Amino acid sequence: MNRSGSGIAYGVGAYVIWGLLPLYWRALDRASAFEILAHRAIWSLLICILFLTYQKQLRTTFALIKNARTFALLALTSLLLSINWGIYIWAVSVDRVVEAALGYYITPLVAVSFGVFVLKEKLRKLQIISVILAAVGVVILTVAYGHIPLIAFGLAVSWGSYSLIKKRLNAGALETLSIETLVAFIPSFAFLLYLLNKNEAQFGQDIGFSIALFSAGLFTVIPLLMFNAATIRLPLTITGLLQYITPSILFLIGIIVFHEPLAISKVLGFIFIWIALGFLGRDLVKSGRTVN
């Protein structure tokens, strides 16, 4: 398989895993969203350390830790990542997978907004159209839900902010994720000890479920490494379009598997979002051709 083909395989694999995660979170519903989040941070750190040792990147990771500014920014991204993970897991536990899908659909549009207002980038014509259409869709969905879709906005803003900071850091994915999980380890481990002390932790109740909780670390680290492998092999236009795989899978799981209700008014809102993403995708392709 050539470099481009392997890049597409890595990218599709990462986005499919992320899209299927609600099935995994639902299988762990014996545990609270916060316990799952704690295990995700704890075991991710262990797996990151193993990968760092194997790839001989421990020294470069320690160098990032010693840099006060870099460590402070990674502490912030750790918080944003924890918020994103927590909202995602909680949304699945309360049957709000479709709203979570909306969050990941509007994430690219949040990224465009950050580009304009934070990085002072200029919007192209198709980007302006996509932002307007998405705004109409969000307004329709807000009216349909009867309230602001906080889950969707929380996911989109937390991931968009996380991506913005990571882009400006321009450091390795494995090293930065390792530091982020290191920052999250202390509160996560303390919370798990608290649950164990009160005999409320599901971890340790039986071997099978404990292994399932441990695997949260694998489902965190592996798709991220696959995503990183895709980004270095593919143009940004392709990885940008591939990201729509995840919310599309989430949407289908919410409707078909979890039987979440979807009123016609909500479908109308999603249609505006999908059309907006179509314009944004077309713009990505055109801009990619211009660069190439």
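Our structure is the block above this text.
Please read all numbers here as calculations on a predicted model, not as lab measurements.

Asker: Can you walk me through the pattern of salt bridges in this structure?
Answerer: A side chain with one charge can pair with a side chain of the opposite charge if their charged atoms come near. Scanning the entire structure with this criterion turns up 4 salt bridges. The residue Asp-95 makes a salt bridge to Arg-26 at a minimum N-O spacing of 2.7 Å. Note that Asp-95 is positioned in the loop between α4 (68-93) and α5 (97-117) and Arg-26 in helix α1 (residues 3-27), a separation of 69 residues in sequence. The partner of Arg-30 in a salt bridge is Asp-206, and the shortest N-O contact between them spans 3.1 Å. Note that Arg-30 is positioned in the loop between α1 and α2 (33-54) and Asp-206 in the loop between α8 (173-197) and α9 (207-231), a separation of 176 residues in sequence.

Asker: How should I be thinking about the packing of α2 against α4 in this particular structure?
Answerer: For any two helices packed against each other, one specifies the inter-axial angle together with the distance between the axes. Put simply, α2 and α4 touch, their axes get as near as 9 Å, and they point 135° apart. In terms of their interaxial angle, α2 and α4 are classed as oblique. Between α2 and α4 lies a crossing of right-handed hand. Between α2 and α4, the residues in contact are Ala-33, Ile-36, Leu-37 and Arg-40 and Ser-82, Trp-85, Gly-86, Ile-89 and Trp-90, respectively.

Asker: Would you mind showing me how to read the packing of aromatic side chains here?
Answerer: By convention here, two paired aromatic rings are described through the distance between centres and the angle between planes. With the rule as written, the count across this model stands at 16 aromatic pairs. On the numbers, 6.2 Å between centres and 80° between planes, the contact of Tyr-105 with Trp-274 is edge-to-face. Taken together, the residues span a long stretch of sequence, with Tyr-105 in helix α5 and Trp-274 in helix α12 (residues 264-291) at a distance of 169 residues. Relative accessible area serves as the criterion here: at 32%, Trp-274 is assigned to the partly exposed category. Consider the rings of Phe-270 and Trp-274, whose centres lie 5.7 Å apart with planes at 35°: the pair is tilted. Taken together, the positions of Phe-270 and Trp-274, both in helix α12 and 4 residues apart, correspond to about one turn of that helix.

Asker: Even after reading the chapter, I still don't get the environment of Ala-144, so can you show me in this structure?
Answerer: With respect to the secondary-structure elements, Ala-144 resides in helix α6 (residues 125-145). Overall, the relative accessible area of 25% leaves Ala-144 in the partly exposed class. Here the alpha-carbon distance between Ala-144 and Ser-248, two residues 104 residues apart in the chain, equals 20 Å. Dropping the residues within four chain positions of it, Ala-144 is found in contact with Ser-265 and Lys-266.

Calculation criteria
Residues numbered from 1 in each chain as written. Predicted model: local features only at pLDDT ≥ 70, side-chain atom pairs only at ≥ 80, totals over all residues. Heavy atoms only, no water. Salt bridge = Lys/Arg side-chain N within 4 Å of Asp/Glu carboxyl O. Helix = DSSP H or I, 4+ residues; strand = E, 2+ residues; numbered from the N terminus. Axes fitted to C-alpha atoms, helices over the stretch in contact; angles between N-to-C directions. Parallel < 35°, antiparallel > 145°, perpendicular 65-115°, else oblique. Left-handed = near helix turned anticlockwise from the far one by under 90°. Contact = heavy atoms within 4.5 Å. Phe/Tyr/Trp six-rings, centres within 6.5 Å; stacked < 30°, edge-to-face > 60°. Buried < 20%, exposed > 50% of the residue type's maximum accessible area, 1.4 Å probe, protein only.

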